Amino acid sequence: MSDTLRPTDSQSPQPVQPLLARIKRRSFFMYAGATAGATALALAGCSKDETTPSSAATNVSFGTGDASVLNYAYALEQLEAAFYAKVAALTTSPLLAAEVPYFAKLATHEAIHRDFLRTAINRDFGGTIIPDLTPKFDSIDFTKRVKAATDTKLGILDAAKAFEDLGVAAYNGAAKLFKGSVYLGIAGQIVSVEARHAAYVRDLITPGSFATNEGTDVLGFDRQLTPTAVFAIAQTFVEQKLDASTIGQ
Amino acid sequence: MNFFNIIDLLAEADPDVLDRFSSRRAVFNSLGTVAQRAALATSPLFLGALFQKAYAGTASLPTDILNYALTLELLEADFYRQFLAAGQIPAGAAFDAITVIKTHEDAHVAYLHDAVIKAGGTPVTGSSTAGIRFNPSLLPATYADQLKYAQVLEDTGVRAYKGRAAELIGTDLLTPVLQIHSIEARHAAHIRTMRGQQPWVSIGDDLAADANYKAAYTSGVASSTRTTVALGGTTYGIPAFNPAQPSPQESNLQQGAAGTKLALLITTGIGSTTYLPDDAAAAFDEPLQAAEVLDSSRAGGLLA
């Protein structure tokens, strides 16, 4: 086994990932079978709580050009849609009665965004679509409406606010990465709906906080973040490793 | 000079370039024989004419776009000034929210004013007595009706920014303008909540059926069209309204037309799930052209 391919520690299996990113899983195992030590290498890259080699080493690459920016949006919409679908499916919801139908709307809007982007990417950039992401919501307590000061996990509203604010900042920051006006226009049509969602959820947590500045926010201006900064936050909620390095290149 | 290399280079910088020429085939067919094509394609005169035609209508200067945005922000800021001064807003959360929104509109005015100057233009101006301002005679007497105007102005503002963002591709202005755009959407959502409406635009909105406000939800231009706007002490250009392609109405169910590909029908065309028209419409906000926004049936009709 080559030292250069060995993971440096159990928390950072990145050196293995480029291997898998470039070849399909089936061809990887054919390759692994023919290469002494490669299987052991793949297993060494797994952290303890992951049961299959593939889940540990899956690195999601987003490609380049407008397809990469659309796939970036598609990744975030997948996460949002999965989160709200889980909220909508709760048999006992901690949300207030008046909030439940609105959260059902949020779930539908995000599912529409996800399905629309998937369809548009497949139509206009065939073969570039990213895989279905596996959400990881273990930092969210779905029995809590809002987290208490002593809670370590997010409540449903806290998570919704995080997702919506992040989505707005992501679309705002990604706009300049588009090369064509068609997709910039579509992103603009989606981001203002995300901002409406964000304002609604924020008002539920703290009435009147629909556009309140936090941290380094500039008065009257929403946030904008690079894909790298967005994934630094979104990664918490996804099993696969998200690679922002080529988005918009 | 190689015509085809130029096209390739242009396509790299502007993927829509081939759409700008009515179509690639039409361009080449219009050139006649192979020999004529070769001769013509090396002619600077031919290329100049071709590109001038292809890029006509997208020639607004950044200062034009900024002055257009500044016009709307001045209108909003002055509306909120009058709204607060009228003394009808309940004290507490409602008054605080309108005050917050007013400070945002003032911040937008200040930013855009400076941006026009930095871009080498003359900013439009407005005050409580002159220039761009909300027509005081249109301010309704009651809080509930005043709040309707706030909703129309905010929803229209969101549509207006959306309608022109693409013209800022490749400039440093795109991102800050979009950061304003999504703040306007947050305002719109909050005003709608204050009015007991859904935070997003939906087919069942009360104002969508209200004759006085209906225009903000539909599209097109009722009065005469124009390509220059003389307001607030200066004149700026806006793109000519294309009557054949009015902006989609907010109830639009189709999205994503690209090149020669038709838009997808959101209700049944994007997968195995069928979506209700109300959700399909609400999930996407729609743009408005500048001529539509400034038309007398919409924001233009609210100017003093």
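This text follows the structure it describes.
The rules behind the values
Residues numbered from 1 in each chain as written. Chains lettered and ligands numbered in written order. Predicted model: local features only at pLDDT ≥ 70, side-chain atom pairs only at ≥ 80, totals over all residues. Heavy atoms only, no water. Helix = DSSP H or I, 4+ residues; strand = E, 2+ residues; numbered from the N terminus. Buried < 20%, exposed > 50% of the residue type's maximum accessible area, 1.4 Å probe, protein only. Contact = heavy atoms within 4.5 Å. Areas by Shrake-Rupley, 256 points an atom, 1.4 Å probe, with all protein chains shown as cover. Phe/Tyr/Trp six-rings, centres within 6.5 Å; stacked < 30°, edge-to-face > 60°. Lys NZ or Arg CZ within 6 Å of the ring centre and 35° of its normal. Polar contact = N/O pair within 3.5 Å; in protein donor to acceptor, adjacent residues only side chain to side chain. Core = buried A, V, L, I, M, F, W, Y, C linked by side-chain atoms within 4.5 Å. Buried area = accessible area lost by both parts, 1.4 Å probe. Salt bridge = Lys/Arg side-chain N within 4 Å of Asp/Glu carboxyl O. Nonpolar A, V, L, I, M, F, W, Y, C, P; charged D, E, K, R; others polar. Pairing = 2+ DSSP bridges. Expected span 1.5 Å × (residues − 1).

Chemist: How would you summarise the overall build of chain A if you had to cite specific residues and measurements?
Modeler: Summing up its helical and strand segments, chain A has nine helices and two strands in all. Across chain A, helices and strands are ordered from the amino to the carboxyl terminus as α-α-α-α-β-α-α-α-α-α-β. The buried share among the 249 residues of chain A stands at 50%. Summarising the internal contacts of chain A: among those between residues at least 6 apart in sequence, 71% fall at separations of at least 24. Approximately 10800 Å² of chain A is accessible, and the part contributed by carbon and sulfur atoms is 58%.

Chemist: Can you tell me about the packing of aromatic side chains, naming the residues and giving the values?
Modeler: For the structure on display, the rule yields 23 aromatic pairs over all chains. Taken together, a centroid distance of 6.1 Å and an interplanar angle of 75° make the contact between A:F137 and A:F163 edge-to-face. In this pair, A:F137 is assigned in the loop between helix 6 (99-124) and helix 7 (156-174) and A:F163 in helix 7, connecting sequence segments 26 residues apart. A:F163 carries the same exposure label as A:F137, and that label is buried. Pairwise contacts between aromatic rings join A:F83, A:Y84, A:Y102, A:F103, A:F137, A:F142, A:F163, A:Y200, A:F237 and B:W200 into one cluster. Above the plane of the ring of B:Y68 lies B:R164, whose end atom (NZ or CZ) is 5.0 Å from the centre.

Chemist: Quick rundown of the side chain of A:D124? Include the residues and the values.
Modeler: All names here are of chain A. Inspection of the secondary structure puts D124 in helix 6. Here D124 falls in the buried class, since its relative accessible area comes to 17%. Among the polar contacts listed, one links the side chain of D124 to the side chain of Y183, at a separation of 2.8 Å.

Chemist: Provide a residue-level description of the nonpolar core, including the pertinent values.
Modeler: Of all hydrophobic cores here, the largest spans 134 residues; its most connected members are A:F83 and A:F103. It is helix 6 (residues 62-85) of chain B that provides the largest number of residues to this core, a total of 13 residues. Every residue in contact with A:F83, bar those within four places of it in the chain, is listed here: A:F137, A:I140, A:F142, A:I156, A:A159, A:A160 and A:F163.

Chemist: Hey, could you go over the interface of chain B and chain A for me, with residue numbers and the actual values?
Modeler: Quoted interface sizes are often the accessible area lost when the parts come together. In this complex, chain B contributes 59 residues to the contact, which on the side of chain A involves 53 residues. Buried area between chain B and chain A, both sides added, is near 4700 Å², and the carbon and sulfur share of it is 64%. Per-residue buried area on chain B facing chain A is highest for B:Q179, B:R186 and B:W200; these three make up 16% of the total on that side. Viewed at the interface, chain A and chain B are joined by seven salt bridges. When the shortest N-O distance is used, the salt bridge between B:D155 and A:R196 registers 2.9 Å. Linking chain B with chain A are 24 residue pairs in polar contact (both at pLDDT 80 or more). Mapped onto the side of chain B that touches chain A, the elements with two or more residues apiece are helix 7 (93-118), helix 8 (143-164), helix 9 (174-194) and helix 10 (277-282) of chain B. Per element, the largest residue contribution to the side of chain B that touches chain A is 16 residues, and it comes from helix 9 of chain B. Grouping the amino acids of the side of chain B that touches chain A by side-chain chemistry returns 33 nonpolar, 16 polar and 10 charged.

Chemist: Break down the pairing of strand 1 (residues 228-231) of chain B for me, citing the residues and quoting the values.
Modeler: Residues and elements named next belong to chain B. Looking at chain direction, strand 1 and strand 2 (residues 234-237) are connected through four bridges and run antiparallel. Bridge pairing links V229 to Y236 in strand 2. The turn linking strand 1 back onto strand 2 is made up of two residues, and G232 within it adopts a positive phi angle of 55°.

Chemist: Lay out helix 5 (residues 65-88) of chain A with the relevant residues and their values.
Modeler: Here helix 5 of chain A spans 35 Å end to end across 24 residues, near enough to the 34 Å set by a 1.5 Å rise per residue. Taking burial as the measure, the 24 residues of helix 5 of chain A include 20 buried ones, the bulk of the element.

Note that every value here comes from positions in space, so none of it alone points to a role or purpose.
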